[in-house]
Amino acid sequence: MSVLVVADHDLGALSPATARVIHAVSELGPIDLLVIGQDIDAVAAEAARVAGVTRVLVAKGASSSDADASLIAALAEPYHYIVQSAGSVGKDRMPRVAAKLDLMPVTDVVKVLGPTRFERPIYAGNAVQTVSDGQARHVLTIRASAFRAAAGGNDAPIEVIENSAASAARLIAAHRTESDTPDLATAQIVVGGGVALGSAENFQLIEQLAKKLGAAIGATRAAVDAGYAPNDWQVGQTGKIIAPDLYIAIGISGALQHLAGIQGAKKIVAINADPEAPLVKLADLALIGDLFEIIPQLLVELDKAGLKRD
Amino acid sequence: MKILVAIKRVVDHNVRIRVRPDGTGVETSGVRMSMNPFCKHAVEAAMQLSEAGHGDEIVIVSIGPKASNDVILTALAMGAHRGILIETDAELETLAIAKLLAKVVAEENPDIVLLGKQAVDDDSNHVGQMLAALTDRPQATFASEIKVVGQGIEVTREVDSGRETIAIPLPAIVTADLRLNTPRNAALPMVMKARSKPLAVRPVAEFGVDLTPRLTIEKVSPPAERAAGKSVASATELAAYIATEVSQMEAL
């Protein structure tokens, strides 16, 4: 039984999701880690250090839906499992790979129960499916936030493989959100803001608090749609799924679609004016009041408590 | 240009769902059903392309029980021209759905196939990508903007790092994300008119696709419940709580 994991990477760095995916599937067999893209030498070197990786395969060339799927499908033959994180790249590529191989994929896996049994959330996390996959081979996407990361310290061999897959697509522009905060999907602490912040300027309060805590910044769909925060900060069914140790939700009432994204948070703190808000009811700890008074006080109090993680 | 839009009837997204006590699934009988929200964005996108002069015919296809006629009628009331219901009472896997849709694509030969990026019941997010593989067409998933440029389209996609814009040639498969547009509500005259538009009901067996499930759903369970929380009265207490949580984290 052998496993092909497709690495996620961005701006020349291996995504933290990949080490979590490796850990998630480490019981399934020896793992080859495939890195596809341009200028990926540093990514491959990082990939080789992840514990549990037998071999790093490097396929140089522009990464795109159709070309990646063709390449992965062509490499699939010797493997029992073909796996990527359930991020925007894995979600885009893996169903295409599965259909090419005439396989039904199991996606958004949050628990590996055994070689052919998996748990995945449905209905935005309001129910959990236990799936058994009797196919000869398995295509999986893994929700990285549900797993701990594999350790480092490995020194797996790196092999460059031939990549002649062509794409019909052409990348015209990437509109990136500049931010020096941690990755939302894998952050240990997330500070999230809702539409109650009232403006993009006020949203900076959320950013200040996040900076102090070394936290990633999240936002509700309403806050994003109102222009207070960029779309890749959106947490929820349509945005990112988070599973931090601590989620601090500020001025967020808790629409179903937002709650779908935070089910995996271990502890939830809510700051809200409305004691009846669904998120306040869900929270482990709530402070009811005016967020514009509370956040500045909280910043001072955290300083007094000697807390500084940035 | 011809646009095919595939849509799904699901439990209405405002309904609080209930897992059946026997673990066989989510209760869907006696529950309000409607068009999957992402599919609605796909229908609206087709309408807007058509209104900009890029769609002579919009064909709607849905796969499901007879009652799925309702969501096809909704799409026809939004302005689509005709509908196809592939009728089955079985709950089909996404791979089987994609294979059926590939047959429809072979018959209809649309320039653009639009789908919602995922259905809010099984949250799979598979069918567009699978259909693209089976028809060997380029794909643009999670679209927040679609522009027709020359012989192709430029699609802005919502990705983990923000957004990216790609150009793909036609024919192509596009899946809709929520920010693509604001779906219209059909006016009453349109709803009346929808009933007179062609709607072909075809049994699933007609398509000769192997629909045997590949996966076994052993059970469906409710998520783990969260213990009731408490509240504090001041930022000082809150800061103390956060400091404690953080110190425990760093001990890990």
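Residues numbered from 1 in each chain as written. Chains lettered and ligands numbered in written order. Predicted model: local features only at pLDDT ≥ 70, side-chain atom pairs only at ≥ 80, totals over all residues.

**Quick notes on the overall build of chain B**
- Check the secondary structure of chain B and you find six helices and 13 strands.
- Taken along its principal axes, the extent of the C-alpha atoms in chain B is 65 × 45 × 40 Å.
- Counting the 252 residues in chain B, one finds 47% classified as buried.
- The long-range fraction of contacts in chain B, counting pairs at least 24 apart against all pairs at least 6 apart in sequence, stands at 70%. (Helix = DSSP H or I, 4+ residues; strand = E, 2+ residues; numbered from the N terminus. Buried ≥ 20, exposed ≤ 12 C-beta atoms within 10 Å, placed from the backbone. Contact = placed C-beta atoms within 7 Å.)

**Some points on the sheet that holds strand S13 (residues 230–232) of chain B**
- With respect to topology, six strands assemble into an open sheet ordered S15(A)-S14(A)-S16(A)-S17(A)-S18(A)-S13(B), the strand pairing being parallel. What marks the edges here is a single partner per strand, and that holds for strand S15 (216–219) of chain A together with S13 of chain B. On average, adjacent strands in this sheet sit at an angle of 20° to one another, irrespective of strand direction.
- Across five bridges, the pairing between strand S14 (residues 189–193) of chain A and strand S16 (residues 246–250) of chain A is parallel. For Gly 192 of chain A, the partnering residue across the bridge sits in S16 of chain A and is Ala 249 of chain A.
- Helix H5 (residues 200–213) of chain A contacts S14, S15 and S16 of chain A of the sheet and is inclined by roughly 170° relative to S14 of chain A. (Pairing = 2+ DSSP bridges. Axes fitted to C-alpha atoms, helices over the stretch in contact; angles between N-to-C directions.)

**Examining the domain arrangement of chain A**
Residues and elements named next belong to chain A.
- As far as domains go, chain A holds domain 1 (3–161) and domain 2 (184–304).
- Once you take the C-alpha centre of each, domain 1 and domain 2 turn out to be 30 Å apart.
- Residue-level contacts link ten residues of domain 1 with eleven residues of domain 2.
- Residues of the side of domain 1 that touches domain 2, tallied by class, amount to five nonpolar, three polar and two charged. (Domains from an automatic or database assignment. Nonpolar A, V, L, I, M, F, W, Y, C, P; charged D, E, K, R; others polar.)

**Examining the interface of chain B and chain A**
- With 64 residues of chain B in contact, the opposing surface of chain A contributes 68 residues.
- Listing elements by their share of the side of chain B that touches chain A, those giving two or more residues are helix H3 (94–108), helix H4 (127–135), strand S7 (139–149), strand S8 (152–159), strand S9 (162–169), strand S12 (215–221), S13 and helix H6 (235–251) of chain B.
- Ranked by residues supplied to the side of chain B that touches chain A, first place goes to H6 of chain B with eleven residues.
- A per-class count over the side of chain B that touches chain A returns 33 nonpolar, 14 polar and 17 charged.
- Sheet topology note: the strand S10 (residues 127–133) of chain A/S12 of chain B ladder contains six bridges and is antiparallel. Counterpart to Asp 133 of chain A in the pairing with S12 of chain B is Leu 215 of chain B.

**A few points about the pairing of S7 of chain B**
Residues and elements named next belong to chain B.
- Across three bridges, S7 lies against strand S10 (residues 172–176) in parallel orientation. Across the sheet, the residue bridging to Ala 140 is Val 174, located in S10.
- Note that S7 and S8 share six bridges and pair antiparallel. Paired with Val 148 across the two strands is Ile 153, which belongs to S8.
- Between S7 and S8, which pair antiparallel and follow one another directly, the connecting turn spans two residues, one of which, Gly 150, has a positive phi of 60°.

**Some words on the packing of H5 of chain A against helix H9 (residues 291–304) of chain A**
All names here are of chain A.
- The interhelical angle for the contact between H5 and H9, taken along N-to-C directions, is 15°, at an axis separation of 10 Å. Taken together, the axes of H5 and H9 lie roughly parallel to each other. Relative to H9, H5 is oriented so that their crossing is left-handed. Facing H5, whose interface residues are Leu 205, Gln 208, Leu 209 and Lys 212, H9 presents Ile 295, Leu 298, Leu 299 and Leu 302.
- Split by residue class, the contact of H5 with H9 holds six nonpolar, one polar and one charged. (Parallel < 35°, antiparallel > 145°, perpendicular 65-115°, else oblique. Left-handed = near helix turned anticlockwise from the far one by under 90°.)

**Thoughts on the environment of Leu 34 of chain A**
Residue and element names in this part refer to chain A.
- Checked against the element boundaries, Leu 34 lands in strand S4 (residues 31–37).
- As a C-alpha pair, Leu 34 and Asp 8 span 26 residues in sequence and 9.2 Å in three-dimensional space.
- With sequence-adjacent residues up to four places away left out, Leu 34 is seen in contact with Leu 4, Val 5, Val 6, Ala 7, Leu 57, Ala 59 and Leu 75.

**Focus: the sheet that holds strand S13 (residues 170–176) of chain A**
- With mixed pairing, ten strands are arranged side by side in an open sheet as S13(A)-S9(B)-S8(B)-S7(B)-S10(B)-S6(B)-S1(B)-S4(B)-S5(B)-S11(B). Every interior strand has two partners, whereas the edge strands, S13 of chain A together with strand S11 (199–203) of chain B, have only one. With direction set aside, neighbouring strand axes in the sheet form an average angle of 25°.
- Bridge analysis of S13 of chain A against S9 of chain B gives six bridges, and the strand direction is antiparallel. Looking across to S9 of chain B, one finds that His 175 of chain A is bridged to Arg 163 of chain B.

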